[in-house]
Amino acid sequence: MSKFRIVVCVKIFGGELNPFDGAAIASALEASDDVTLLAMSPMSDLAEMRALTRLGVKAVLVSDKDFAGSDTTATSLVLAAAIRGLRPDVVFCGFRSVDGDTAQVPPMLAERLGFGFFGGIVDKSGDTLTNADGEKTQIRENTVYAFGKIRPEPLGGIFSGESDVEVISNADLKLSPDEIGLTGSPTRVVKTFVSDTGRRNCKFVRYDEISALISAALKRARREKKYESGEKLDEVFCAEAVYKQAAAIAKKRIRIDENAQPSDLAAEIKKRKSAVVLFGDDLGSKTFAARLAVKVGAGLCADCVGLKVEQGSLIMTRPARGQTTTAEVKCVSPFTIATVRTVKDSEDAAFCVGMGAIDYIDDIRALAKRYGAALCCTRPVADGGYLPYSCQVGLTGKSVSPKVYVLFGASGAVQHTCAIENSEVIIAINADKNARIFDYADYGVKEDIKNVKIRP
Ligand SMILES: Cc1cc2nc3c(=O)[nH]c(=O)nc-3n(C[C@H](O)[C@H](O)[C@H](O)COP(=O)(O)OP(=O)(O)OC[C@H]3O[C@@H](n4cnc5c(N)ncnc54)[C@H](O)[C@@H]3O)c2cc1C
């Protein structure tokens, strides 16, 4: 079986393995018996790494107090240096992590290693990998593969013992102090706060009233989307997907040719002393942005939900750790790159299936059909295979802006509500009167779904 030497980059967070890395480990063990797990973590995570050796894998911990405060740029530099020393044929990793969720490190690693990249993998069958866009590929050498589906890592056999973890520090990697830790990180968190954006005054109604509310919302003309404007940069480079949004923060917009190579754009940008480059949020754009950031040494902020200019610097807002926190980030490097959440022109109505409604998908689909509504879902519904990933709305799915968005049994986590803010009317049905979604809905129905007649 040992076709490839595989290094799996894993992240230990809060003493636990990042769940997306479970899929990477399980897939690596299916593909090869030469698997090394690599984590960049404090020494306090040594025990967790030791426990993982029960899977019959080698384990390497890169640990140094000088790595503290590393952003994705500095982290990918350290990991790439460690990977080079391990000489793998391929690299597997989780596509994102549950704490930071930037999905930047894997394509940055690919760029630093001179490897190809295939991300967002949601299925593996033999050596064939399929990503969330339905693209397929075979595992081949010199490629970084990033797994976007949560899958528990396999359990070590009960009789398998733990083995030693190799610990390496910067004394082994010999990276310049200017390139690592906070000093080597081009992004800075300016502040974090609990965001109120998207909050609405919820009026509680009975379920039998929502049909009239949906019809009324559908009859109204669409609101014109306004982009706020304040202080502006002289110019930005921007992809087509964010061309309109960019007008709010720059006097001049220079369109990027996304069919060009990142190296072409890097050469163009490097002609300037400083530059801001904005991309949309699709997988291809995010990969392009990460590669470009490595090439020009730019700070990269992913999944921005807001942009503004303060004292000549771009301030980027993105959802941060936890369920409700938002962070403002700026770059201290001359070049700034951001991937920005784009809101697709969606259907007039969209009905969302949350985990509380998975037993009623057929009824919700029938109701959606009656109103010509798109069927959407929360991430666990897609992760569970109840609906395809193309239906997923949220931070790691699509953003929507229908005239009316109806949620069935969805809790309203910030990773979901951040992508529905532009909906004109939001209606939520949830059995829990304290569900967060009621703070983000115009109308709420406090009801157990099993007690309502969903089907028209
Ligand atoms: C990095 C990261 C990225 C993420 N990206 C996304 C994303 O893109 N999109 C996304 O949606 N999530 C995303 N999540 C997950 C998000 O944090 C939540 O876990 C998820 O949105 C919850 O989905 P849910 O509301 O369907 O399920 P749950 O949190 O399980 O909520 C189910 C809700 O249904 C209600 N309910 C249960 N039974 C009934 C019933 N019989 N009748 C009525 N109500 C009922 C419950 O009261 C509860 O409020 C992300 C998380 C992380 C950490």
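Report on the accompanying structure. (Residues numbered from 1 in each chain as written. Predicted model: local features only at pLDDT ≥ 70, side-chain atom pairs only at ≥ 80, totals over all residues.)

**Here we look at the sheet that holds strand β25 (residues 425-430)**
- Spatially, β13-β26-β25-β24-β22-β23 is the arrangement adopted by the six strands of the open sheet, whose pairing is parallel. Looking at the sheet topology across the chains shown, the edges are occupied by β13 (203-204) and β23 (374-377).
- Contacts from helix α10 (residues 361-371) reach β22 (349-353), β23 and β24 (404-408), with the element oriented near 175 degrees to β22. (Pairing = 2+ DSSP bridges. Helix = DSSP H or I, 4+ residues; strand = E, 2+ residues; numbered from the N terminus. Contact = placed C-beta atoms within 7 Å. Axes fitted to C-alpha atoms, helices over the stretch in contact; angles between N-to-C directions.)

**So, the sheet that holds strand β1 (residues 5-10)**
- Read across the open sheet, the nine strands follow the order β9-β8-β7-β10-β6-β1-β4-β5-β11; overall the sheet is mixed. Edge strands, defined here as strands with exactly one partner in the open sheet, are β9 (136-138) and β11 (166-168). Strand-to-strand twist of the sheet, defined as the mean angle between neighbouring strand axes without regard to direction, takes the value 35 degrees.
- Note: β1 against strand β4 (residues 34-40), six bridges, orientation parallel. Paired with Cys-9 across the two strands is Leu-38, which belongs to β4.
- The strands touched by helix α3 (residues 72-86) are β1, β4, β5 (58-62), β6 (90-94) and β11; relative to β4, the strand with the most contacts, the crossing angle is about 150 degrees.
- With respect to the sheet, helix α4 (residues 105-113) is in contact with β6, β7 (116-125) and β10 (143-147), its orientation differing from that of β7 by roughly 130 degrees.

**What to know about the packing of helix α8 (residues 262-270) against helix α9 (residues 283-296)**
- The N-to-C vectors of α8 and α9 enclose an angle of 45 degrees; their axes lie 9 Å apart at closest approach. As judged from the angle between their axes, α8 and α9 are oblique. Crossing hand, α8 versus α9: right-handed. Residues Pro-262, Ser-263, Leu-265, Ala-266, Ile-269 and Lys-270 of α8 lie in contact with α9, whose contacting residues are Phe-288, Arg-291, Leu-292, Lys-295 and Val-296.
- For the contact of α8 with α9, the per-class residue count stands at seven nonpolar, one polar and three charged. (Parallel < 35°, antiparallel > 145°, perpendicular 65-115°, else oblique. Left-handed = near helix turned anticlockwise from the far one by under 90°. Nonpolar A, V, L, I, M, F, W, Y, C, P; charged D, E, K, R; others polar.)

**A look at α8**
- Burial in α8 covers these residues: Pro-262, Leu-265 and Ile-269. Along the long axis of α8, the arc covered by the buried residues comes to 65 degrees, so they all point the same way.
- Among the structural elements, β14 (233-238), β16 (275-279), α9 and β21 (335-340) are those in contact with the buried residues of α8. (Buried ≥ 20, exposed ≤ 12 C-beta atoms within 10 Å, placed from the backbone. Arc of directions from axis to C-beta.)

**So, the packing of α3 against α4**
- Taken N-terminus to C-terminus, the directions of α3 and α4 make an angle of 50 degrees; their axes are 9 Å apart at the nearest point. Put simply, α3 runs oblique to α4. The chirality of how α3 crosses α4 is right-handed. Only Val-105, Met-108, Leu-109, Arg-112 and Leu-113 of α4 make contact with α3, whose side of the interface consists of Thr-72, Thr-73, Thr-75, Ser-76, Leu-77, Leu-79, Ala-80 and Ile-83.
- Residues that form the contact of α3 with α4 fall into these classes: eight nonpolar, four polar and one charged.

**Brief notes about the pairing of strand β20 (residues 325-331)**
- The pairing of strand β12 (residues 187-194) with β20 spans seven bridges and is classified as antiparallel. Along β20, the bridge assignment pairs Val-189 with Val-329.
- Judged from the four bridges that link them, strand β19 (residues 313-319) and β20 form a sheet pairing that is antiparallel. Across the sheet, the residue bridging to Pro-319 is Thr-326, located in β20.

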